[in-house]
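# Fold and contact review
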Amino acid sequence: MVSDARAVHSGDPVRQGSAAVDAFGRIETRGIDRVPANERHGRPSELFAVWLSANAGYLYIVLGGTLSVLGLSVLQAFAVLVAGSLFWGLVGLQAVSGPASGTPSEIVTRAMFGVGGNRIFGAGISWLVCVVYEGINLALGALAAFSLLSTSGVHVGVVTKVVVTVLLGAVTFTLSLYGHATIVRFGTLFSAVLGACVLVLAVFVCQHASFHPAHFTPLHGQALWVAGLTGFSVIASSPLSWGNAADYARYLPEHSSPWKVAGWTAAGGFLPSIILGGIGILAGTAVDMSDPETSMRALVPGWFYVVFLGLIVVGSVANNVLTAYSSGLSLQALGLRMSRARSIVIDAVIGGALCAYALLSSDFLTAVNNLLLLTVAFLGPGAAIYVTDILLRRNRYDGDALHDERPGAPFWFSRGFSPAGVAAMLIGTAAAALCMNTALYVGPVAHALGGADLSGLVGPLVACLVYAFLAKNRLETRA
């Protein structure tokens, strides 16, 4: 067992003699420290609403519409949507490390990269991706709120925009501050509200959709492969951005069924991906989905367009609550000795600054969307390494040992870095970069294949094989 002093060095734990708090309506007191067995509670099924609420938003409509813009037929687009959404299975598998270790993903990844390496390749990357998504989600929610007010006849000036953005940020980061139990409770509420709106939206869109639109020109040969693989990477980028599934499963009892933890987590992300992505695909047969927010107005009654804008606002908040929560844990895992509350405040300031820049820059969101496609190069290998480690260790993690940061500790490895994890990450990322095709960068392999983007497949596969070989040898040597 790790001493209290050693645990304090690793994060913001509840100190000896104080009572831990993880209850609805009360600020969670634990940060990245291990949750002891006597504080574990809940059932795996509660994870479904958490992940459903975070993903039942505007993003997947945009991604589904993107498949139509790429020129894919309805059936081809649905095939690509399903294939890319299968990466939610990796998110589900990552979640099982939460009950096993009692720690968040930002600490579990020390087993893959080492205490020092995790600050770059694990928690470091996680924090960077989270804070960027915070700014994007807040900006998308604010833009929808501006449109909602304008549609309702309210003049939207500078002062109104500032007030609305601040209010959205306040709601988001306050819910994140209250933490796990409050997020779980609100997840159920958000899921019910968003789910009902999505079903009504689907009815209106299906009334205008066609499986054989008159203006459609089918793709063939190489053009079809390029569009399909590009769409696959676009869809896969969303589940791959969630490398923190253990954050919301770590309070579950250690004996919780891994299959149920993985299944409910994956289903919570996969279902809205398919339904909302499908709505985007079908909408693309009737309107131009290059600008989904405006184009959708032609498919729904005026009164429901107001509801649709509200869906975007609530969905962006629900998504950002989980993102901000994990972002705070990531910041702690970087080695900054501060409470989770302070870490969330820091993230709120940075995320708010990114949001302000997005709202002031006409091409910011386009540029960021292109950058997010580039993240597949390292998010894919990272997810593959995480899942491979779980399989190699048979999901056996010592939560106390993961918090031991001293030289020579079980997860110190070599000068704080795990050669297996670092090598797999670098080689997997390099392999993905060679096969990538985006507006900002085209890899030589993609260029040779006429633009076909294989990064979403090659990167994770290479990282998995490299890590399995190097880590398995290390684990066998120690055994």
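Residues numbered from 1 in each chain as written. Predicted model: local features only at pLDDT ≥ 70, side-chain atom pairs only at ≥ 80, totals over all residues. Heavy atoms only, no water.

### Structural notes on the overall build of the protein chain
Quick reminder of the rule: Starting at the N terminus, helices and strands are each numbered in turn, a helix being any DSSP run of H or I of at least four residues and a strand any DSSP run of E of at least two. Atoms counted for the radius of gyration: C-alpha only. Globule rule: 2.2 Å times the number of residues to the power 0.38. Relative accessibility thresholds used throughout: buried, under 20% of the residue-type maximum; exposed, over 50%; partly exposed, between the two (1.4 Å probe, protein chains only). A residue counts as positive if it is Lys or Arg and as negative if it is Asp or Glu; His and the chain ends are not included. Lys charges are placed at NZ, Arg charges at CZ, Asp charges at CG and Glu charges at CD.
Scanning the protein chain from terminus to terminus reveals 21 helices and zero strands. Its C-alpha radius of gyration of 22 Å places the protein chain within 12% of the 23 Å reference for a compact globule of 479 residues. A principal-axis box enclosing the C-alpha atoms of the protein chain has dimensions of 65 × 50 × 40 Å. Counting all 479 residues of the protein chain, 58% fall into the buried class. The averaged location of the 23 negative side-chain charges in the protein chain is 7 Å from the averaged location of its 25 positive side-chain charges.

### Structural notes on helix α4 (residues 74–85)
In plain terms, the rule: Any helix carries an expected span of 1.5 Å times its number of residues minus one. Each direction from the helix axis to a C-beta atom contributes to the arc, which is the arc of those directions. Any two residues whose heavy atoms approach within 4.5 Å are treated as being in contact.
If you check α4, its first and last C-alpha atoms are 16 Å apart, about what twelve residues at 1.5 Å a residue would give, namely 16 Å. When we look at burial in α4, the residues that qualify are Val74, Ala77, Val80, Leu81, Gly84 and Ser85. Across the axial projection of α4, the buried residues extend over an arc of 130°, all falling on one side. Elements in contact with the buried residues of α4: α3 (58–69), α5 (88–95), α11 (221–240) and α12 (258–283).

### Side note on the packing of aromatic side chains
Note the following rule: Only the six-membered ring of Trp is used, alongside the rings of Phe and Tyr, when aromatic pairs are assigned; centres must lie within 6.5 Å, and planes under 30 degrees apart are stacked while those over 60 apart are edge-to-face, with the rest tilted. Think of it as a cone above the ring: NZ of Lys or CZ of Arg counts as a charge over the ring if it is within 6 Å of the ring centre and within 35 degrees of the ring normal.
Considering all chains together, one arrives at 15 aromatic pairs under this definition. When the centroid spacing of 5.6 Å and the interplanar angle of 35° are considered together, the rings of Tyr248 and Tyr325 count as tilted. With a gap of 77 residues between them, Tyr248 in the loop between α11 and α12 and Tyr325 in helix α14 (residues 302–333) connect regions that are remote in the sequence. Residue Tyr325 is classed as buried on the basis of its relative accessible area of 0%. A centroid spacing of 5.5 Å and a plane angle of 85° characterise the contact between Trp303 and Phe304, whose relative ring orientation is edge-to-face. Grouped by ring-pair contacts, the aromatic residues Trp51, Trp88, Trp242, Tyr248 and Tyr325 constitute a single cluster. Taking the ring centre of Phe24 as reference, the NZ or CZ of Arg185 above it sits at 4.2 Å.

### A short note on the state of the cysteines
Formally: In this description, the term disulfide denotes a pair of cysteine sulfurs within 2.5 Å.
For the structure on display, the rule yields zero disulfides. The structure places no disulfide on Cys130, whose sulfur is separated from the nearest cysteine sulfur, that of Cys355, by 17 Å. Cys130 sits in the buried class, given a relative accessible area of 5%.

### Quick word on empty space enclosed by the protein
Note the cut-off: The method works on a 1 Å grid over the protein atoms by themselves. A cavity is a set of points holding a 1.4 Å probe that cannot get out, a pocket is an open set with protein on both sides within 12 Å along at least five of seven lines, and residues with an atom within 4 Å of a point line them. Grid points are joined across faces, edges and corners, and a volume is the space filled by probe spheres set on the points. Polar here means any residue outside two lists: the nonpolar Ala, Val, Leu, Ile, Met, Phe, Trp, Tyr, Cys and Pro, and the charged Asp, Glu, Lys and Arg; Gly therefore counts as polar.
Summed over the entire model, instances satisfying the criterion amount to three cavities of 30 Å³ or more. By volume, the largest cavity amounts to about 270 Å³. Around the largest cavity, the lining is made up of 23 residues, and of these Phe121, Gly122, Ser126, Gly243 and Leu379 lie nearest the centre. For the lining of the largest cavity, the secondary structure elements donating two or more residues are α7 (105–108), α8 (110–151) and α17 (376–393). Broken down by element, the residue count for the lining of the largest cavity peaks at eight residues, all from α8. Its residues assigned to classes, the lining of the largest cavity comprises 13 nonpolar, nine polar and one charged. For the second largest cavity, the calculated volume is near 110 Å³. Lining of the second largest cavity is provided by Asn55, Leu59, Val129, Cys130, Tyr133, Asn137, Ser238, Ser241, Trp242, Asn244, Asn319 and Thr323. Secondary structure elements with two or more residues in the lining of the second largest cavity: α8 and α14. Broken down by element, the lining of the second largest cavity gets its largest block of residues, four residues, from α8. Grouping the constituent residues of the lining of the second largest cavity by class yields five nonpolar, seven polar and no charged.

### As for the nonpolar core
Rules: The set of buried Ala, Val, Leu, Ile, Met, Phe, Trp, Tyr and Cys residues whose side-chain atoms join them within 4.5 Å is what this entry labels a nonpolar core.
Counting residues in hydrophobic clusters, the biggest one holds 113 residues, and the most contacted among them are Trp51, Met112, Leu201, Met296 and Phe308. The residues contacting Met112, other than those within four sequence positions of it, are Ile385, Tyr386, Asp389, Tyr397, Ser418, Gly421 and Tyr467.

### Points about a nonpolar patch on the surface
To be explicit about the condition: In this analysis, a patch consists of residues with relative accessible area above 30% that form no salt bridge, clustered at 9 Å for like charges and at 5 Å for the nonpolar side chains Val, Leu, Ile, Met, Phe, Trp and Tyr. Only the protein chains shown count as covering a residue, and every accessible area follows the Shrake-Rupley method with a 1.4 Å probe. The rule for a salt bridge is simple: a side-chain nitrogen of Lys or Arg has to be within 4 Å of a carboxyl oxygen of Asp or Glu.
On the surface, Val345, Ile346, Val349 and Ile350 cluster together into a nonpolar patch covering about 320 Å² of accessible area. For Val345, a relative accessible area of 52% translates into the label exposed.

### Considerations on the confidence of the model for the protein chain
Note the threshold: Think of pLDDT as the predictor's per-residue confidence, scored from 0 to 100.
Mean pLDDT over the protein chain stands at 87; residues scoring 70 or higher make up 92%. Contacts from residues 1–12, a stretch scored under 50 in pLDDT, to residues over four places away or in other chains number 30 contacts.

### Brief notes about the pattern of salt bridges
Oppositely charged side chains can form a pair if their charged atoms are brought close together. Per the stated rule, a full pass over the model turns up eight salt bridges. Note that Arg250 is salt-bridged to Glu28, the shortest N-O span being 3.1 Å. In this pair, Arg250 is assigned in the loop between α11 and α12 and Glu28 in the loop between α1 (4–9) and α2 (46–55), connecting sequence segments 222 residues apart. According to the relative accessible area criterion, Arg250 is buried, its value standing at 0%. For Glu28, a relative accessible area of 4% gives the class buried.

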